[in-house]
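Each chain, letter by letter, is given below.
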Amino acid sequence: MTTAIFHRGSRIAVLLIHGLTGTPKEMDSIAMRLHRYGFTVSIPVLPGHCSDMNALLKTTRLDWLREIAAEYKRLTEEGYQVFAGGLSAGASMGIILAHHFPDMRGLALYAITLKCNGWAVSKFSFMLPLLLKIPLFRNNYHFQEAPPYGIKNEQLRERIVLKLQSGDSSAAGHTNTPGVMLREVLRLAGEAKKVMPTTRVPALLIHAREDDVTDISNSRYVERHYGGKTEFIQLEESYHLVTIDQERQQVAEATARFFYQQLDEHERQQLAASARKKIPGIESQPEPGGNLKK
C-alpha cells in the first residue's frame, strides 16, 4: 500500500495534493525536483485512496479536505512557510485550502478539473451534473477513463497501463470512477468556483493545450475569476497528467520559480542552504548549500 511521501529540506515547504483515484506517486516527480531546489515537500494520501474501491466509497470530499487541512496546519505549527499544489481535483482542493488559509504563500494548480470536458471524454459529458443528481443514476454510473489515460508519452503510458491492469491501485490508482465519487469532484469544483474570487493567494496555473480529460478552458476560467495574482503556462507536449507526462521537468521548474518569487531574501537564503541545485531561470540566487546569512 502506498503511504504518504515526505522529502525534508528547508523550512520552506510545499504541500502537494494528488487527484481523485490517484496516488502520491503521481506527484513525486515534481516533489523530488522541488526537493533538489531546497523545498521540503509533503504528499499525504487522501482518505480512501491507494486501497480498494470500497475504501474510497466510504469517504467524501469533506474527508479529503480535512486531511489536507490537517497536514497544512501540522506544517505551519512546525514552523514551515507553506505553499501548495494540486492536480486535477486536487487543484480544486488547493483553491479551497488557500481560501481557508490565506497565509499560504503560493499555489500551483495543475490541470484543474471544473468540468470533465477533454477531447477523450464523451460529448454528452455536459449532462453529467444534472444526471448525477438522480440517485439511481449516480449509484450505478461509472466514469471509465479511456486511452490515452491522461498521458501523451507512449512508453510511460504503456508502463502505467500495465500497473492498472495488475489491479494495484497503490501504484497507479483507479481508472474507474463511481458516479458518487464523480459527484464529489463536481461539488469540489463548485466550492472552488464559489471561493476563488475572494481567494488572494498567488496562483500558478499550468494546463496542457491538448488535455484529454479537462479542457484548457478550465484553467482559463480560473484565470478570469481568481481573486489573486495569477500566472498561466500552457503546455504543448502533455495531456492531463502534467505532473508525470513528458513536460514534468518544465512543470517542476516553473513551480519552483513561481514559489521562489514569493519569498523574501532571507527565505531565499534558507532555501538555498538546503538546495542541491539552483532553480533554472532565476538569476542572482544564493549558492546551493551555502551558509545562511543572519
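Each chain has its residues counted from 1, following the order in which its sequence is written. Local features in this predicted model are restricted to residues whose pLDDT is 70 or higher, and side-chain atom pairs enter the listing and the counts only when it is 80 or higher, whereas totals over whole chains, interfaces and linings include all residues. Note that water and hydrogens are dropped before the side-chain values are worked out from all heavy atoms of the structure.

**Student:** Explain the nonpolar core to me, please; I cannot follow it from the model alone.
**Tutor:** It is characteristic of soluble globular proteins that their nonpolar side chains tend to be buried jointly. Core analysis: the biggest nonpolar cluster contains 42 residues, and Met93, Ile95, Leu97, Leu107 and Val222 have the highest contact counts within it. Each helix is a run of H or I in the DSSP string that is no shorter than four residues. Each strand is a run of E no shorter than two, and both are numbered from the N terminus. Listed by contribution, the elements that provide at least two residues to this core are strand S2 (12–17), helix H3 (61–77), strand S4 (81–87), helix H4 (89–100), strand S5 (107–110), helix H9 (179–195) and strand S8 (203–208). It is H4 that contributes the most residues to this core, seven residues altogether. In this description, contact between two residues means that some pair of their heavy atoms is separated by no more than 4.5 Å. Those residues within four positions of Leu97 in sequence are excluded, and the remaining contacts are Leu15, Ile68, Ala69, Tyr72, Ala84 and Met104. The nonpolar core is taken to be a set of buried Ala, Val, Leu, Ile, Met, Phe, Trp, Tyr and Cys residues, with the residues joined through side-chain atoms within 4.5 Å. Note on classification: 1.4 Å probe, protein chains only; a residue is buried when its accessible area is under 20% of the maximum for its type, exposed when over 50%, partly exposed between these limits.

**Student:** Explanation requested: H4 in the structure shown.
**Tutor:** One turn of an α-helix holds 3.6 residues; hence residues three or four places apart share an orientation. For H4, with twelve residues, the first-to-last C-alpha span of 17 Å sits near the 16 Å given by 1.5 Å per residue. Within H4, ten of the twelve residues are buried, which leaves the element mostly enclosed by the surrounding structure. Every buried residue of H4 is accounted for by Ala89, Gly90, Ala91, Ser92, Met93, Gly94, Ile95, Ile96, Leu97 and Ala98. Here the expected length of a helix is defined as 1.5 Å per residue gap, with one fewer gap than residues.

**Student:** Help me out: how do you make sense of the sheet that holds S4 in this one?
**Tutor:** Strand pairing within a sheet occurs via backbone hydrogen bonds; the two strands may be parallel or antiparallel. Ordered in space as S1-S3-S2-S4-S5-S8-S9, the seven strands form an open sheet in which the pairing is mixed. For this open sheet the edge positions go to strand S1 (5–7) and strand S9 (230–235), each flanked by a neighbour on one side alone. Going from strand to strand, the sheet's axes swing by 15° on average, the running direction of each strand aside. A pair of strands counts as paired when DSSP detects no fewer than two bridges linking them. In this structure, S5 lies alongside S8, joined through four bridges in parallel fashion. Opposite Ala108, over in S8, you have Leu204 as the bridge partner. Strand contacts of helix H11 (residues 248–261): S2, S4, S5, S8 and S9, with the helix running at about 165° to S8, the strand carrying the most contacts. For helices, the axis comes from a line fit to the C-alpha atoms of the stretch in contact; other axes are also lines fit to C-alpha atoms, and the angle between any two N-to-C directions lies between 0 and 180 degrees.

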